[in-house]
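Each chain is listed here by its residues.
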Amino acid sequence: MSGGGEGLGKVEVRLKWDPSPLGEAPRHLDIIAATYSADAPYGRPVYVVHYDSRSPDGTINMPRHSQTGMGFGFVEVMVLELDRLSPVYKRVVVGVAIHQDAEPWTFGDISNAGVVVVHGYQQLLTDNFAQVADATAATVAEFTRDSTGAWRLREMIRGFDSDPVLFTAEMGGPQH
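A brief look at the structure comes next. Remember, predicted model here, so these are calculated numbers, not experimental data.

A word on the sheet that holds strand β2 (residues 29–37)
Sheet strands pair via backbone hydrogen bonds, and the direction of the pair is either parallel or antiparallel.
Move 1: Spatially, five strands are ordered β3-β2-β6-β9-β10 in an open sheet, and the strand pairing comes out antiparallel. With partners counted over all chains shown, the strands left at the sheet margins are β3 (47–49) and β10 (151–160), one partner each. The average angle at which neighbouring strand axes cross in this sheet is 20 degrees, direction not considered.
Move 2: Here eight bridges tie strand β9 (residues 137–145) to β10, and the two strands are oriented antiparallel to one another. Note that in β10 the partner of Glu 142 across the bridge is Arg 154.

What follows is the structure, encoded as structure tokens:
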């Protein structure tokens, strides 16, 4: 678990990857966050945030999105204002999914992929997806609210073999 005694406030999840080789279809990755209630922290997500949406109260949004990677560092960013989330939410799971087109892509097919989670200037988590190279989607981090109401981070690198839609339904389940 990470985050000081006061817990986490506003965090950013940043994603990078290089563009596809010349002549190949673009590789498109997305950050996805699923929010769970205190009543069912491992049940169905109350809501899911991705490139085409934001949380109903604006506490989770995506100010930067890329469909090709560009190769210019972290080109996709999701902001989570955990300290503003309603007390009815106890858990947020963040993952990354690869859009699947004609041929299936795995993290091993994506050049220079990486994710970082930052809180202010403090880097809380960094990963290059090497341990989930055969996966088409992966969870990255789990944010949970403790008994004092403070938010904590736990690294949660788990690979999945599913498309982005199915991934949103299974990403928050108990670890396998």
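Moving on from the model shown.
Observations regarding the nonpolar core
Move 1: Leu 80, Leu 82, Val 92, Phe 107, Phe 129 and Phe 143 are the most contacted members of the largest nonpolar core, which has 40 residues in total.
Move 2: Broken down by element, this core gets its largest block of residues, five residues, from strand β6 (residues 89–98).
Move 3: Here Phe 129 is in contact with Leu 15, Val 96, Phe 107, Ala 113, Gly 114, Val 115, Ala 138 and Val 140, once residues within four sequence places are set aside.
Move 4: Counting 10 residues, the second largest nonpolar core, distinct from the first, contains Ile 32, Met 156, Phe 160 and Met 171.

Here we look at the environment of Leu 80
Move 1: Relative to the assigned elements, Leu 80 resides in strand β5 (residues 76–81).
Move 2: Leu 80 sits in the buried class, given a relative accessible area of 0%.
Move 3: Leaving out residues up to four positions away in the same chain, Leu 80 has contacts with Gly 9, Lys 10, Val 11, Val 13, Thr 59, Ile 60, Val 92, Val 94 and Phe 143.

Looking at the pairing of β10
Move 1: Counting buried positions over the 10 residues of β10 gives seven, a clear majority of the element.
Move 2: As consecutive antiparallel partners, β9 and β10 are separated by five residues, and within that stretch Gly 149 has a phi angle of approximately 95 degrees, a positive value.

A few points about the pairing of β2
Move 1: Burial runs high along β2: nine of the nine residues are buried.
Move 2: Sheet topology note: the β2/β6 ladder contains nine bridges and is antiparallel. In the strand pairing of β6, Tyr 36 is matched with Arg 91.
Move 3: Relative to β3, β2 is paired through three bridges, and the arrangement is antiparallel. Bridging from a neighbouring strand, Ala 33 pairs with Val 49 of β3.

Cut-offs applied
- Residues numbered from 1 in each chain as written.
- Predicted model: local features only at pLDDT ≥ 70, side-chain atom pairs only at ≥ 80, totals over all residues.
- Heavy atoms only, no water.
- Pairing = 2+ DSSP bridges.
- Helix = DSSP H or I, 4+ residues; strand = E, 2+ residues; numbered from the N terminus.
- Axes fitted to C-alpha atoms, helices over the stretch in contact; angles between N-to-C directions.
- Core = buried A, V, L, I, M, F, W, Y, C linked by side-chain atoms within 4.5 Å.
- Buried < 20%, exposed > 50% of the residue type's maximum accessible area, 1.4 Å probe, protein only.
- Contact = heavy atoms within 4.5 Å.

Without other data, these values stay purely geometric and don't point to any function.
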